[in-house]
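Coordinate inspection notes
Now for the letters of each chain:
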Amino acid sequence: LICGLEEHTHGESCLEAEETAGVITQTWENERYVITGAYTEAAKLPENAVLQAEEITEESDPERYAKRDAEAQELVDETLSMKCLFNIGFFVEGEEVEPQDKVSVTIQFLDENGYAEGDPVTVVHFAKEETQILEGTQIDGSGATSFDTESFSDMAIFVADDGLVRTPEDLKRRLEHA
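This write-up is about the structure you can find in this document. Owing to the predicted nature of the structure, the values given are computational and were not obtained by experimental measurement.

1. Thoughts on the nonpolar core
Ile35, Ile88, Ile107 and Ile157 are the most contacted members of the largest nonpolar core, which totals 29 residues. Going through the elements one at a time, strand S2 (23-29), strand S3 (33-39), strand S4 (50-56), strand S5 (80-92), strand S7 (103-109), strand S8 (121-126) and strand S11 (154-160) are the ones with two or more residues in this core. By residue number, the principal contributor to this core is S5, which donates five residues. Setting aside residues no more than four positions away along its own chain, Ile35 makes contact with Gln26, Thr27, Trp28, Leu51, Ala53, Phe86, Ile88, Val105, Thr106 and Ile107. Ranked by size, the runner-up nonpolar core spans eleven residues in total, among them Ala72, Leu80, Val124 and Phe158.

2. Thoughts on the packing of aromatic side chains
Summed over all chains, the structure comprises five aromatic pairs. Summarising the aromatic geometry, the rings of Trp28 and Phe86 are spaced 6.4 Å apart at their centres and angled 75 degrees between planes, so their arrangement reads as edge-to-face. Of the two residues, Trp28 sits in strand S2 while Phe86 sits in strand S5, which places them 58 residues apart along the sequence. Each member of the pair Trp28 and Phe86 is classed as buried. A centroid spacing of 4.9 Å and a plane angle of 90 degrees characterise the contact between Tyr33 and Phe86, whose relative ring orientation is edge-to-face. Of this pair, Tyr33 sits in strand S3 while Phe86 is found in strand S5, placing the two residues 53 residues apart along the sequence. Owing to a relative accessible area of 0%, Tyr33 belongs among the buried residues under this scheme. On the accessibility criterion, Phe86 (0% relative accessible area) is buried. An aromatic cluster of at least three residues, connected via ring pairs, comprises Trp28, Tyr33, Phe86 and Phe109.

3. Observations regarding unusual backbone geometry
For Lys44, which is not glycine, the phi dihedral falls at a positive 50 degrees. One can find Lys44 in the loop between S3 and S4. Although it is not a glycine, Glu93 sits at a positive phi angle of roughly 50 degrees. Checked against the element boundaries, Glu93 lands in the loop between S5 and strand S6 (95-97).

Calculation criteria
Residues numbered from 1 in each chain as written. Predicted model: local features only at pLDDT ≥ 70, side-chain atom pairs only at ≥ 80, totals over all residues. Heavy atoms only, no water. Core = buried A, V, L, I, M, F, W, Y, C linked by side-chain atoms within 4.5 Å. Buried < 20%, exposed > 50% of the residue type's maximum accessible area, 1.4 Å probe, protein only. Helix = DSSP H or I, 4+ residues; strand = E, 2+ residues; numbered from the N terminus. Contact = heavy atoms within 4.5 Å. Phe/Tyr/Trp six-rings, centres within 6.5 Å; stacked < 30°, edge-to-face > 60°.

Here it is, written out as structure tokens:
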């Protein structure tokens, strides 16, 4: 295991990072999402750095979720709504390490959180210095979006609120505005 952690459920990313043509790829996944980080040696991440993510929901941390949603609403179009919030990062023995160069991140939606191919996505990065919008791709044929970042912290995915109910959060939002 490359993660060096005892106190978590070991996943695929704990085994070994995959390296192809100078690009190192690590993956974190749960039953709802697959998050992949791809980077080169220029990122200067230690060999034993492991990509980890924590999904933050209205149920798991209501205050943090509401705070991040409110912060992001100041930057995004009012027709967009936050669909998921993650704390993503690379860790060595429980300590977060930041890359020195860009990392390409892909988030794939596996369940009812999936969106139609071509749906536009806005990624909000709650960086230490300032909250910023990252250039996200449209949802591709595998139900994924990608973006580049040079630092990690909380990140939210926003999509157009088309009125469809896909998640419990969508239902709650619809009922509040009915």
